[in-house]
Amino acid sequence: MFSFGKNAFKKTRGGVLPGHFKNTSGCATEAMPVPKTVRIHLAQHVGKPCEPTVKPGQEVFVGTVIGRTEGGLASVVHASVSGKVSAVEEFILPNSIRAKAVVIQADGAQTPDPAIAPPEVHDRESFLAAVRESGLIGLGGAGFPTYVKLAPPNPEAIDTLIVNGAECEPFLTADYRECLENGDDVLEGMRLVQKYLGIRTALIGIESNKPEAIAALTQKAEGDERIQVRTLVTRYPQGAEKVIVNELTGRVIPKGKLPADVGVVVLNISTVAFIARYLRTGMPLVEKRITVDGDCIKTPKNVLAPVGASIADVAAFCGGYVEEPKKILLGGPMMGMCVYTDAYNVAKNTNGLLFFGDKYVKSQAVLACMKCGRCADACPMRLMPPQIHEANKVNDMEEVARLQVDACIECGCCSFVCPSKRPVTQAMREAKANLRDYRADKKVGKKKK
């Protein structure tokens, strides 16, 4: 038996209950066959896209560096298959970012790069260098380069490591399977981060709807006073950084600030597990566990896929479509991104592929705003979406700024609860973009003066 602990089931402000659709929670991870072709785009992270380091006709191996850029927020990109580079081409991502992509014709041998070896790590600097070379980004979906998270400007102020195992998105179970299948790696990765960053306390936050994961990690952490497993109330968006930090520590991250500003580093649970494996093997981030589900896919699974595999190849491994999907989502239904074709490719931060048809995709009329306030009640950031939308419509950017739209985490709660079925999240996203442009224009204007 195990205890949920005295801090279990704290009340979350805002949020929604989108339903429990963890259909693949009992599906052990299956590695898909090596596809004939992979297309690995070089904007796998938040920040400047990488520049290609390979050319058409060049032979590559699993783990060969194919993209790199110096400075800024960036992460190294590696080949996920062995074979020959057939093209380096321009590619437009689903989020409209334009970047180069490396296309590799796989030879099926999956030969590791001869240079791969466990990195030599003996202090904080060599640890951060190793994480950077691994190509690791936040595997929860945000894509923030991990070595940057681990190198805050105030390292002496960091006293808590939070490992995010909430996985609050409906349908997704990839992190849950990480807990069950690689629990030792999770704990080892946490201890490595604690060791090299000098962090005393580590907390693992997991929602209450995953009792098996809570039990497994609680048992593995038994006897280690520096690591605690905490149960979070099952409520979306419990896994959002600002929410989970507040839930587990009581600290509030101010507007425009990061977890490091309140003494916390937050890492996804699959991220810390990968750190352990990389320091043990030297194999960089070249594959990703993905939850594949939806009413259009024949056999829902958790799939270990090479980075750069096409959505179509992953779907084929899951038995193909039982009907043509009306909607394909990269990620979960709350924050995922729709794509119009299954020719797009798996990225490092792809944690779900959902194929929806008539069961989940229903056409509904968009009505006028009822001023009911449900969106404001559901917002975990305590924002006022109707007022922000009205200010944005009349281009009153000063009012948009005063209403703190840039605190929006785009979690989708406002759209989910809207009885008029309005695209509230999209309106918030548009207001944020307009405010960024407004501030940039003001900055340019000041420089000209």
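Below or above, wherever it landed, is the structure these notes cover. Everything quoted here is computed from the prediction, not taken from an experiment.

**Overview of the sheet that holds strand β14 (residues 301-306)**
Sheets are built from strands that pair by backbone hydrogen bonding, the pairs being arranged parallel or antiparallel. Here we have six strands laid out as an open sheet, ordered β1-β14-β13-β17-β15-β16, and mixed in their pairing. The open sheet has two edge strands, β1 (30-31) and β16 (337-339), and neither has a second partner. Bridge analysis of strand β15 (residues 327-330) against β16 gives three bridges, and the strand direction is antiparallel. For Leu329, the partnering residue across the bridge sits in β16 and is Cys338.

**A look at the nonpolar core**
Membership of the largest hydrophobic core comes to 44 residues, with the highest contact counts inside it found for Phe127 and Leu150. At eight residues, the largest contribution of residues to this core is made by helix α7 (residues 269-281). For Phe127, the residues in contact, after removing those within four places along its chain, are Val121, Leu150, Leu192, Val193, Tyr196, Leu197, Ile275 and Leu279. Judged by nonpolar contacts, the second largest core, of 24 residues, contains Met32, Ala101, Ile297 and Ala309.

**Regarding the state of the cysteines**
For the coordinates displayed, the defined rule picks out zero disulfides. Of the cysteine sulfurs around Cys27, a residue in no disulfide, the closest is that of Cys318, at 9.3 Å. For Cys27, a relative accessible area of 23% corresponds to the partly exposed category. Considering cysteine sulfurs only, Cys338 is the nearest to Cys296, which forms no disulfide, with 13 Å between them. Take Cys296: its relative accessible area is 0%, and that puts it in the buried class.

**Here we look at the environment of Ser25**
Relative to the elements of secondary structure, Ser25 occurs in the segment before β1. In this structure Ser25 comes out as partly exposed when scored by relative accessible area, which is 27%. For the pair Ser25 and Asp175, spaced 150 residues apart in sequence, the C-alpha separation works out to 9.8 Å. Among residues more than four places away in sequence, those in contact with Ser25 are Thr173, Tyr176 and Arg177. Looking at Ser25, its side chain comes within polar contact range of the main-chain oxygen of Lys22, at 3.2 Å.

**Considering the layout of surface pockets**
If you add up the space inside the second largest pocket, you get close to 540 Å³. Lining the second largest pocket are 26 residues, and of these Arg277, Val286, Glu287, Lys288 and Leu304 sit closest to its centre. No other element matches the five residues that α7 contributes to the lining of the second largest pocket. Each residue belonging to the lining of the second largest pocket can be placed in one class, and the counts come to 14 nonpolar, six polar and six charged.

About the criteria used
- Residues numbered from 1 in each chain as written.
- Predicted model: local features only at pLDDT ≥ 70, side-chain atom pairs only at ≥ 80, totals over all residues.
- Heavy atoms only, no water.
- Pairing = 2+ DSSP bridges.
- Helix = DSSP H or I, 4+ residues; strand = E, 2+ residues; numbered from the N terminus.
- Core = buried A, V, L, I, M, F, W, Y, C linked by side-chain atoms within 4.5 Å.
- Buried < 20%, exposed > 50% of the residue type's maximum accessible area, 1.4 Å probe, protein only.
- Contact = heavy atoms within 4.5 Å.
- Disulfide = S-S within 2.5 Å.
- Polar contact = N/O pair within 3.5 Å; in protein donor to acceptor, adjacent residues only side chain to side chain.
- 1 Å grid on protein atoms, 1.4 Å probe; cavity = no way out; pocket = protein on both sides within 12 Å on 5 of 7 lines; lining within 4 Å.
- Points joined across faces, edges and corners; volume = space filled by probe spheres on them.
- Nonpolar A, V, L, I, M, F, W, Y, C, P; charged D, E, K, R; others polar.

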